[in-house]
Every structure is written in structure tokens, then in C-alpha cells.
Amino acid sequence: MNLPQARLAHDRPLSARRLEIDEFRAERQEVLAQRAGTHVDLEEAVAYLRALPSGKNCAVALCAAKAGGDLLLQPRAAVPTIAGQIALLRCLQDEGVADILPSQVDSYSRLLQFDRAQAGLEESEKTGQSKLNGFPFVAHGVAGTRQVTEALSKPMCMRQVTPDIRLVAEVALAGGYTGVTSHAIDAVVSFSKNYSFEKSIKCYQYVDRLAAYYQENGVPIYREYRGMVDAVHLPPSLIIATSILEALMGAAQGVKVMGVCTFVCGHMLQEVAGLRVLRRLAQEYLTRFGHSDVTVFAVANHWLGQFPEDEAKAYALINVATAAAVLGGATELIVKSVQEGKGIPSKESNAASLRSVRAIARTFQVQGSILDERLLAQEERIVEMEARALLEKSLELGDGDPAVGTVRAFEAGVLDSLLAPYRGLKGRIMIVRDGSGAMRYLEHGGLPLPQEAIDYNRERVAMRTALSPGTPDYELLIADIHAIAQGGLLP
């Protein structure tokens, strides 16, 4: 995807340093000028959000869920028109009983092609058919966005993946959304060929500073940090390390309520271990960097890869992942529909998936751990060892600055990926599943993994080849990716 590079007239040196208010206001003039006629009165927006019922605030809901040990459910969904979006989200709210309601941003807006988003919206309204793959916040403006939020009773979260979402975030927050996802790393790695890591980080520093401004004025805003996904075919340690690096950058700007993510790999033991390690390390590193006042929790995501077309198999996939989210102590689960493998899910299918997920979650919440604690402890130890090594080396490269360290780590291959389109990657790692279906480093490239972790990965992969003779290679990697869509972990 060829993304327009952000216009940053105030070319500040890359640093995790918090933006001064004058810097923020100067950049804000640039942001609002991205589309002529876009107006956001920040002080009026603060007053508007402050007057919202607390039950419509994502940060408040998630903090309460963490305190009570609950799991909140948020689906993925969006259509372009106001009437269509209200109908869709009302179904997810009333029939699916979603805890947080989503609105994904359309592709044209993510590319900053706001005129094309406007044209797509007008065509959708004219024909009665969706001509955009999301909700065009900027085209609707603050007033239009508020029509959606005021029609619903649950908290609203704006979801997207793109390097520059600054203007959309301005409109979404002023429109009553109190959650914004953030993907400074994955937006470059998985969704661009040559976008600048430095510019993406700076764009998200602005979004974080905007969220902090609301926080400072009495409106907590939830920020979600995704790290790196890469076709969801990565061991947990890479996702954990990059999520925490983003969290450190957000906290430096003043964000006080945040989620850090892991993604389903299909292997319950490894997913539970990953979530537990993520929770511990996120709190540890935030405290170490002076952010002990930040509320952080783990967010689990259903499988993002190819889904089974058979809805029965799809139900099995999302429900196994739901069990892992509960056992791993996640506070929020991003829910997929069982119709993902067929195309854009209907609102009814999305609601049914939510009901199924909630039933499974309640079942496992009362059972406690059902996994072998010895095996789980071993997996946690390896995942933590790997993630800590990646974090420490990245921070070392940045002389303790997570923003600088992130850029230098990718330049050095200390952080890497294989299947992503970004041309700046070294692409020296190879990931395959072991004999039980867990993700392992077949080749670790320049990742600074301890020798014990390297040996463990090799031993686990060797157990698979002993069961299925053949040399682990790229073809095996591809077969592993398609296996879940066919109803299993292994081909």
C-alpha cells in the first residue's frame, strides 16, 4: 500500500519526550488543514465528553472490568452511512450484548484520501449499498459522528491500522468516541512498503498527546497498542515486545489507560502463556520508566488470518481462543464473526458470534485453570525470556529511549518479520509450528534470543519433524498458515 508520508512541518528530532503544549497546538493546525473545512473545537469537545455518562466511556468500563476480573467483548464492524452504522451497532449492542462498540475507519480515510471517502459516502447514501469498507469519520464530521454515539448506550472505540490517523482521531474523539486503537509499528510493517517508522511514531505521538489532553481535562481516553502482527504468524514474544514499546511511547505522552495486545495463534497453552507474560512485563516496564500510575491490561484478539468458510469450524476457532483469553487473564477480547471466511459478516452473524463467545467466557471464568501448570510455567518462562531479550536490546539501541530504540531495532534486524510487505525489514527469521501447533523460531535471524530459547525452539521443531518426516521450510510455513482455515492447527 502506497501511503502518503505525513506532513510534519515541525520536524522535531525523534524522541519519546512528551510534546509541549505549544508544540502540540502548532502541529494541530497542520492536522486540521489536512482537509479544508474540517473544524474541531477542542475545548467544546472536552466539555462534551466530560458530560457523557460514565457508562459510555471506554476507559472507565475497562478499568472497572480489570478491577473486577471481568472480560469485555468488542467486535469488529463498520458501514459508511450514519443510519446504517446506528442499525449495525444497535444490533451488536442489543442482540450481541457487546460491551464496547467499534467503528473501523474506511480505507480512503486511512490513506488520507478524504475527497474519495466523501464520494464513497455519497454513493452509499444514493444507492443504499456500502461503497466503503468502513465509517468515514472526517466526511461525517463531528456533528455526524455524534449522531451515532448519541443513538447508542455503550462506549465507542475507533479502530484502524494506518501510519497517520491524526485527523480522524480528532473527529472521532470530539464526536464522542472514547477509545482509539494505535498501531505505529504494525501500520508500517504490515500495511506499507516504505513508510517512515520515524514519521509513523511521530504521528501516533500526536494522537497520544491528544488523548492525554482530554485526560488532563477530566476525560479518560483508552488507547490500544497492537505491536506487530505479520499475518498473525509470529511467536508471542515479538508481539509482546513491540506492544510494550508502543505502550512506553504512549505513556511518555501522558496516556493513563491502555491495553496491550496479543493475537491468537491457535495453540491454547502458548496463548495463555503469552497473555500472562504480557500483563507482567507491561506493568514492569511501565513502572520502570516512571509510569506506575498507568492502568494497563491485556487485550486478546481472535484469529486475524484466513477463517474457515464452514461456520461450525469458525465457531470452534473463536471459542477455543475465547477460552485462552479467559485463562490468560485478558480484560478485553476483540471478537471475530463466524462469517469471516465468507466475506463481510451480517450484523446478525456478528451478534450471534458475540453471544457464543460470552457463553464460553462465562463457562471458563468459573472453572479456574484447566491447563497443566508445569507445562504452562515452562512456556511462560521461554516467552518471557524471549520478549525481555527483544525489549532490552531495543531499548539499549535507543539509549533508553523507546521511540529511537524501535527504529534502530528494525534497522538492525533486532526486531524483524518475514511475511510483511515493508521493504525495510531484514526478513531473516523463519517461523513454523512445532508438533503441538505452537509458533516457534526455526531461524531467529538477528533477534537477540538467549541460547536457551534458541535451543528450546529447535528442540520443539525437531519433535514435529520426527512425527512428520521432511525438512522444515517455507512451504511448511505456508501450509501452517492455511491450516486453520481448513479446521486445524497443522496441515
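How each quantity is defined
Residues numbered from 1 in each chain as written. Predicted model: local features only at pLDDT ≥ 70, side-chain atom pairs only at ≥ 80, totals over all residues. Heavy atoms only, no water. Pairing = 2+ DSSP bridges. Helix = DSSP H or I, 4+ residues; strand = E, 2+ residues; numbered from the N terminus. Axes fitted to C-alpha atoms, helices over the stretch in contact; angles between N-to-C directions. Contact = heavy atoms within 4.5 Å. Phe/Tyr/Trp six-rings, centres within 6.5 Å; stacked < 30°, edge-to-face > 60°. Buried < 20%, exposed > 50% of the residue type's maximum accessible area, 1.4 Å probe, protein only. Lys NZ or Arg CZ within 6 Å of the ring centre and 35° of its normal.

A. Summary view of the sheet that holds strand β5 (residues 222-225). Strand order in the open sheet formed by eight strands is β1-β8-β7-β6-β5-β4-β3-β2, with parallel pairing between adjacent strands. Only two strands of the sheet have a single neighbouring strand rather than two, namely β1 (72-75) and β2 (101-104). Strand after strand, the sheet turns through a mean of 25 degrees between neighbouring axes, direction not considered. Here four bridges tie β2 to strand β3 (residues 156-159), and the two strands are oriented parallel to one another. Residue pairing across strands places P102 opposite C157, the latter belonging to β3. Where helix α11 (residues 236-252) meets the sheet, its contacts fall on β4 (179-182), β5 and β6 (257-263), and the angle it forms with β6 comes to roughly 165 degrees.

B. View of the packing of aromatic side chains. Evaluation of the coordinates by the stated rule reveals seven aromatic pairs. Measuring from centroid to centroid gives 6.2 Å for F24 and Y213, while their planes differ by 25 degrees, and the two rings are stacked. You can see F24 sitting in helix α1 (residues 21-32) and its partner Y213 sitting in helix α10 (residues 197-216), a full 189 residues away along the chain. Of the two residues, F24 and Y213, both sit in the buried class. Taken together, a centroid distance of 5.2 Å and an interplanar angle of 80 degrees make the contact between F197 and Y422 edge-to-face. One end of the pair, F197, is in helix α10; the other, Y422, is in the loop between α16 (402-412) and β9 (430-433), and 225 residues separate them in sequence. An identical accessibility class is assigned to F197 and Y422; each is buried. Here a set of aromatic residues connected by ring pairs shows up, and it is made of F24, Y206 and Y213. Over the ring of Y48 we find R146, and its NZ or CZ is 3.6 Å from the ring centre. If you follow R209 out to its NZ or CZ, it ends over the ring of F24, 5.9 Å from the centre.

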